[in-house]
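Given next are the chains, with one letter for each unit.
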Amino acid sequence: MSRLLLILPFLTALSFAADVAIKPGVRSPISFKVSPQVSDNAQIKMRMHAMETPPPYDVSMEKFDIIVPKKYKKGDPHGLFIWVSPSPAPSISPEWEAVLAEKKLIFVGAHNSGNNREVFARMRMAVDANDNMRELYDIDDKRVYVSGFSGGGRVASMLGVTYADMFTGTIAFMGTNFYTDIVTLDKSEVFEARYIPHEEIAALAKDQCRYVLVTGEKDFNLKNTSAVFENGFKKEGFKAVELMNVPGQGHQPPKAEWLKKAIEFLDAGKTVKKP
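For clarity, every value in this text was computed on a predicted model and none was experimentally measured.

It is the contact of helix H3 (residues 119-136) with helix H4 (residues 151-162), at a shortest axis distance of 10 Å, that shows an interaxial angle of 65°. Here the hand of the crossing between H3 and H4 comes out right-handed. Of the residues in H4, those touching H3 at Val119, Arg122, Met123, Ala126 and Val127 are Gly151, Gly152, Val155, Met158, Leu159 and Thr162. Residue classes in the contact of H3 with H4 are distributed as seven nonpolar, three polar and one charged.

Listed below in structure tokens is the structure:
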């Protein structure tokens, strides 16, 4: 199936505003003025099988941060790393920023997209960032990744399936949701399905997209994440999914080496120019 099999083209003439000059290698604020149709109410409801109508949302009222690697230049496509934070600010460590630069990935994350924000807005901000960033930079369509930590990881895991025609890879750190009821491996708990993806998009996700679920030996989401890997992604026939259980790791973002390993799994089989 074509990645553009669905419904709407992504590349539209969207406007943006930088609050300050965007300098490569430096975290910079940016805002976008227009949402693509692919994130409107009808699309969100169709892709999630949502019964409720998403609340009012205006991307022009939202703020984002971007980090463009120092070596980026026009004509040399970079990947896109869209971050969903569990807290109000889209923060990652300097060590993570260095890995993204090494892997030729442009970072973008929304402010006010934490766990206290309703899920539809969090998803729409990630979709809007993707579409708008493609207007500003040369983006490698094969390397458009969505990621997040904890509650942000759960949102990323849903985006990676429901927008599989947009995101080619997903890294869910210490939190993941799925679209079927999930029984834990010890059969002690059941985690209810959190969404129902469009059938055609789910088929694309299974066949063409790549997923990494990251947890840790001391992560309180270990049981959930392990069960989603085995009784969710693997059972449902996803071709490329990896579970990473970090030794001794609690419920915190792991060291940068694990981000690097996860990106390398997503990059497997794709043509990536060396930095």
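On to the pattern of salt bridges. Per the stated rule, a full pass over the model turns up 13 salt bridges. For arginine 47, the salt bridge is made with aspartate 165, and the minimal N-O distance between the two is 3.0 Å. Here arginine 47, found in helix H1 (residues 41-48), pairs with aspartate 165, found in the loop between H4 and strand E7 (169-173); they are 118 residues apart in sequence, far enough to count as distant. Aspartate 76 serves as the salt-bridge partner of lysine 104, at 3.0 Å between the closest nitrogen and oxygen. Linking lysine 104 in the loop between helix H2 (94-102) and strand E5 (105-110) with aspartate 76 in the loop between strand E3 (64-67) and strand E4 (78-84), this pair joins segments that are 28 residues apart in sequence. There is no split in this pair, since lysine 104 and aspartate 76 are both buried. Connected through salt bridges with shared partners, the residues Arg27, Asp65 and Glu97 form a single ionic network.

Confidence in the prediction of the protein, expressed as mean pLDDT, is 91, and 90% of residues score 70 or more. Long-range and interchain partners of residues 1-15, a stretch whose pLDDT sits below 50, account for 44 contacts in this model, where long-range means more than four residues apart.

Quick notes on the rules
Each residue is numbered by its place in its chain's sequence as written, counting from 1. For this predicted model, a pLDDT threshold of at least 70 governs which residues receive local features, and a threshold of 80 or more governs which side-chain atom pairs are given and counted, while totals over whole chains, interfaces and linings are taken from all residues. Here the side-chain values reflect all heavy atoms present in the structure, with hydrogen atoms and water set aside. Fitting a line to C-alpha atoms yields each axis, with helices limited to the stretch in contact; the angle taken between N-to-C directions then spans 0 to 180 degrees. Per the convention used, a helix needs a DSSP run of H or I reaching at least four residues, while a strand needs a run of E reaching at least two, with both numbered from the N terminus. If you view the pair so one helix is near and one far, a crossing is left-handed when the near helix is turned anticlockwise from the far one by less than a right angle, and right-handed when it is turned clockwise. Contact definition: two residues touch when any of their heavy atoms are within 4.5 Å. For this classification, the nonpolar set comprises Ala, Val, Leu, Ile, Met, Phe, Trp, Tyr, Cys and Pro, the charged set comprises Asp, Glu, Lys and Arg, and every other residue, Gly included, is treated as polar. Salt bridges, as used here, are contacts in which a Lys or Arg side-chain nitrogen is within 4 Å of a carboxyl oxygen on Asp or Glu. Throughout, exposure labels follow a simple rule: accessible area from a 1.4 Å probe, protein chains only, divided by the maximum for the residue type, with under 20% read as buried, over 50% as exposed, and the rest as partly exposed. The quantity called pLDDT is the predictor's confidence in a given residue, expressed from 0 to 100.

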